[in-house]
Amino acid sequence: MERCPLPRAWTLECPVLAEELPSAEQQPDLPSESVKPDCTLLLQGLRSACLEDEVECPDFFDELCSRLAAKTGQADFTTQGANGQDSQQPEQVAASARLKPSKAARLQADRLLGLRAVRDSNVLGVDWSSLDSLQALAEPASHRPADTQTAAGANTSLVPLPASIQANREPYAQGDWRQEPYAPRPYKRLRAYEVNEEKELLQWKLTTQKQHACSGLHCVDPSHLGSYSIEAEKFMTECGCLARNMECGDGCGCAASGCCNRAVSRRQALLLGTDVQEINAWGIDCYTRRNIVDAALESQAFGLYKAPDYSRLLQLPLRAAATLQQGETVKHSSRGSVDAQQAADAWVDQQLIPAINQQGDTGWDIANGLQHVQRQAEATGDECSAKAAAAVMKRFQKVGSNYFRVHPKGTGIVCAREAGLRPLSFVEEYLGEVHSPWRWFEIQDATKKQSGEELPDFYNIVLERPRDDPTGYDVLFVDAASKGAFASRMSHSCNPNCQAVVMSCGGRLTIAVYTLRSVAQGEELTFDYASVTENEREFRAATCLCSTRACRGSFLYFSGSRAFMQVMTAQHTFLHRTALLLRAGTGPLNEEEHSRLERFGLRDSALGRPHQRLPAWLIKWAALVLGFVEHEMQLLPAQLVALQLRAPYNPLTAAAEAKGVCENRLQNVVITLDKVRLCLQRPGQPQSPPLRLLTDAQAAEHVWTGDRSVGRRLVRCVAQALAGPSVERALAHALTAGEAVKALPGGGQGLPPQVARLVAMAFHPATDFQDGRRQLLAVVQELRQLDLAVKGGFTALADIALLHACTNHWFLAEREYKGFTSLPVQLNMEDLKLDRMNRDTSAHAATSQAGSNHHSASNTAFERLTGGDHASESSGSWKEDSQQENGGMRQGGQGRQSVSPDVEDGSGALAGAGQAASGKKYGMQYVWGQLTLWHKQTVYDPTASLSADRRGTITLPDLDSCCAGAKTRYSARDREAMLEHLEKRPEASWKGNGTMWGFRNEARVYGSPMFDAVWRQVCHQPDPLASLQDTLAQLRAAPVPWQ
Ligand SMILES: [Zn+2]
Ligand SMILES: [Zn+2]
Ligand SMILES: [Zn+2]
Ligand SMILES: [Zn+2]
């Protein structure tokens, strides 16, 4: 969690922060009277929202603080900052004074204040109701409603906004307003899935052995088929085949010619150009939708409508205002209003949006759509519609186009059939290039690298193999960006009229799109992308333009929210994940684990067919992690219900949410298995588990008998401190206690007597590991006596040595894994540029040849790879600390990775050409890193955080770091802080910088009393915490020279 840039006292009332921070009693400096309560509350809310999402946004808060400071007087901020509670405050204020309101900061403020408010209000117990006042501060003057609008079509000089717009928390999607349609991304039409890498394997994964035969009684009449339920995620049908997501086949009771459940097998997709059409689709955000509906309702076009008392509503105290629902400004009380509301919604869905979608390039101007509706209404004599359109037009002319922004959505598909489509019509298969998870995430990484972290466009979908398939669950990725079918061009909607379903059709698996209900001519065909992102930036940038009343605001779901992470954060820490990984290598799969894998549908597809089975330890790892997932699914619902949210969970919604989390976890387990499979399949790669316990002899050597053992290093530290480096070196060469004591100056004469005793003790042989530990403990006692005698200097050493001595389980990491560079990803840079929010993008640069060039380029690369040449194998060494600096890897292979040409100059000759990004680099610790970070997939290098995560959790501080200069550096306070940390957050890594501790871990042997506790828990041993508590008690009771 990042430090909070706000004055600390401000955050005390924040519900999210309440647990994180000391209570008010412990915080003497409460907000002074001079702090404006409005801003305080508001910033608390914003801050807590950011905490919730684990967002780092110091720039944003700097910006706000500087503006607030300018508005309310510097004193409020400087006094808060100078209270000494948070030493970072004065710096913060100084930095913010220098800060110029950049465009980026403004956009960030816009987004944070605006869109996210509505989006997050469902999951956060945050009060957003006084956003307007802060928004006014955060907005540049030209964006303020009261000021003259300069945007195109605006005509608002100093006209006060209608109350309904003022009450609309976010009057329109902030930021730039793009009015040009996106250039359609050309794609090659496919008739079947295309597989480029691992052909045999992926083709096999696209087949199914699912078998069923229905009676044939319920699939011969389309009206008997039933429906698809989004909530239940299945067909509600009496046809036994369709109920299992299968099309009928030879064994069914229905005649092939008369069965309505064989459309995919018969290839009866809708025809582009006849049944459906590709258009430049347009959409409005949920705020603009409110402006439209309010204007229509207030005109009484749809019957009696009494606008709520907005002015009273805006003055309501915060608590009361907080009961408002998402996307709504008021509750409509009278019955008449509810009917009118429904009629207005239907008018927007069925008349206005289809009309806007007929405007081609000029759809951005809502006037065109409104005029179209008016003409239509006059032709059909629909007075309500005409009146509504006129009212919206009038308001639009009054307040300006900014409040009625229509945004381009890219290509969309509309129904062109005059008769429309009936429910459960087969639309088309979602075809594309199929990738294994490892490859898909390499492509994602390369795309993000090349496009500067822009949100990738969404021409892709996950194909989840059904759990009830005999070869089981698995995950494949379908990319339709350059090759696919029109189904991939369908827009997202939060209230869709279609659904994509994985179907088994004649022995093959496919993603088929069906209509959910009747679709009228002119209506856009949509489905719910149901895409989850763990990236908060992506989530926030994904403004939804589905234009429906049910719009969630973002077309993505956010899986990184702390609400979903509660159980994981507490019970699946780095220590737990490490312990499970270590445990995976200790024995075969037991009966319970086997049946757990069965329950989750993990069989040959995810675990490998017999001839390419994953190693047993990896399968056991999956079973162990799924054990946690099951455990989490039991605990999460109750925890969600207990959350103090504005829109609280009930047992049903919480259970559904937990199920979603569980499915997301399963997906992540399977993706991780695939990524690790890639590494283990490399030629010459060891198949052993990444972590393994030391044998008793090895552990004894590590702690006691080895010449670099903890015991020997301890006495050498002491000798160096009291007698100098030459003595230390002499000790290093000593073989026996006698030799060692002789190495001391004058045989120990002139040194405190404890030194010679210590040295003699350290060279005493041990019978086994436990004996070594006991002797080390005795050495620690002796060291404390010495410390008391010479007054300080060795307490840190003794304390840390005690932690070493109290550690029961030591393990090490596999050192033979080799790093490698994967095959380059071919990216079409023109394609990438095409859909970015950049007006400078020249649409003509993309040509219809992009697809085919892409095709040939990537084939060449794959052929080169499959030639078996591994030119980029790394020969780096396992160096704990240098790992990150040199990435553990070198980019090898001359001429294999073409450097991508400068994108800006890439037009002309390079237009449409596939550009090679460099291949993804996998470090030697990748297997360990990815298995530890299994719940995240978008981290480019999962090993990057390993060394930080290990610090103080499984890597104890080096003895050398405890001694050098420790006399002045380790105080009673330091020890107290360490004890408190070990007691309260044993799983949290230690700070490295700015502390005396070093974590070089030369031996690269891992273990700690904290890890022991978790290990016992993971191995279901009784009283797992006892020994850690005993260690802490020993530490606490140990005599110190400063008392
Ligand atoms: Zn049937
Ligand atoms: Zn059937
Ligand atoms: Zn049938
Ligand atoms: Zn939406």
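Look up: the structure comes first, before these words.
Residues numbered from 1 in each chain as written. Chains lettered and ligands numbered in written order. Predicted model: local features only at pLDDT ≥ 70, side-chain atom pairs only at ≥ 80, totals over all residues. Heavy atoms only, no water.

Draft legend 1. Inspection of the nonpolar core at higher detail. The biggest cluster of nonpolar side chains holds 130 residues, and the ones touching the most others in it are Leu602, Trp621, Leu797 and Trp997. Ranked by size, the runner-up nonpolar core spans 46 residues in total, among them Tyr187, Leu270, Ala480 and Cys544. (Core = buried A, V, L, I, M, F, W, Y, C linked by side-chain atoms within 4.5 Å. Buried < 20%, exposed > 50% of the residue type's maximum accessible area, 1.4 Å probe, protein only.)

Draft legend 2. Spatial organisation of the coordination of the zinc ion (ligand 1). The protein atoms that coordinate the zinc ion (ligand 1) are Cys214 (SG), Cys219 (SG) and Cys239 (SG), at distances of 2.3 to 2.4 Å. In terms of primary sequence, the donors binding the zinc ion (ligand 1) are separated according to C-x4-C-x19-C. Separating the zinc ion (ligand 1) from the zinc ion (ligand 2) is a distance of 3.5 Å, and cysteine 214 supplies a donor atom to each of them. One end of the pair, cysteine 219, is in the loop between α10 (199-205) and β3 (227-229); the other, cysteine 239, is in the loop between β4 (234-236) and α11 (240-243), with 20 residues separating them in the sequence. Classification of cysteine 219 by relative accessible area gives buried; the value is 0%. A relative accessible area of 1% means that cysteine 239 is categorised as buried. (Donors = N, O, S within 2.8 Å, 3.2 Å for Na, K, Ca; no water. Helix = DSSP H or I, 4+ residues; strand = E, 2+ residues; numbered from the N terminus.)

Draft legend 3. Representation of the coordination of the zinc ion (ligand 3) in the model. Looking at the metal site, the zinc ion (ligand 3) is ligated by Cys219 (SG), Cys248 (SG), Cys254 (SG) and Cys259 (SG), spaced 2.3 to 2.4 Å from it. Coordination geometry of the zinc ion (ligand 3): the four donor atoms subtend angles of 104 to 119 degrees at the metal centre, consistent with an arrangement described as tetrahedral. Read from N- to C-terminus, the donor residues coordinating the zinc ion (ligand 3) fall into the pattern C-x28-C-x5-C-x4-C. A separation of 3.6 Å is found between the zinc ion (ligand 3) and the zinc ion (ligand 1), which are bridged by cysteine 219. (Tetrahedral: all angles 85-135°; square planar, octahedral: opposite > 155°, others 65-115°.)

Draft legend 4. The pattern of salt bridges, seen in detail. All told, the structure shown has 37 salt bridges when counted by the stated rule. With a closest N to O distance of 2.8 Å, aspartate 474 and lysine 205 form a salt bridge. You can see aspartate 474 sitting in strand β10 (residues 474-479) and its partner lysine 205 sitting in helix α10, a full 269 residues away along the chain. Relative accessible area serves as the criterion here: at 3%, aspartate 474 is assigned to the buried category. (Salt bridge = Lys/Arg side-chain N within 4 Å of Asp/Glu carboxyl O.)

Draft legend 5. Layout of the sheet that holds strand β8 (residues 433-435). Spatial strand order, β2-β8-β10-β9: four strands in an open sheet with mixed pairing. Looking along the sheet, the strands with just one partner apiece sit at the ends: β2 (194-195) and β9 (460-465). As paired strands, β8 and β10 are joined by three bridges and run antiparallel to one another. Bridge pairing in β10 links valine 434 to valine 478. Running at roughly 40 degrees to β10, helix α18 (residues 437-451) makes contact with β8, β9 and β10 of the sheet. (Pairing = 2+ DSSP bridges. Contact = heavy atoms within 4.5 Å. Axes fitted to C-alpha atoms, helices over the stretch in contact; angles between N-to-C directions.)

Draft legend 6. Geometry of the pairing of strand β6 (residues 407-415). β6 sits mainly inside the fold: eight of its nine residues count as buried. With eight bridges connecting them, strand β5 (residues 276-283) and β6 associate as antiparallel partners. Within β6, the position partnered with glutamine 277 by the bridge is valine 414. Relative to strand β15 (residues 524-527), β6 is paired through two bridges, and the arrangement is antiparallel. When the bridges of β15 are listed, valine 414 appears paired with glutamate 524.

Draft legend 7. Structural view of helix α12 (residues 286-298). The terminal C-alpha atoms of α12 lie 18 Å apart, and with 13 residues this matches the ideal 18 Å at 1.5 Å per residue to within 8%. The buried fraction of α12 is high, at twelve of 13 residues. Within the span of α12, buried status applies to Cys286, Tyr287, Thr288, Arg289, Arg290, Asn291, Ile292, Val293, Asp294, Ala295, Ala296 and Leu297. A distance of 2.9 Å separates the backbone nitrogen of tyrosine 287 from a side-chain oxygen at the start of α12, and that oxygen is part of aspartate 285. Positive phi appears at glutamine 300, one or two residues downstream of α12, with a value of about 65 degrees. (Expected span 1.5 Å × (residues − 1). Polar contact = N/O pair within 3.5 Å; in protein donor to acceptor, adjacent residues only side chain to side chain.)

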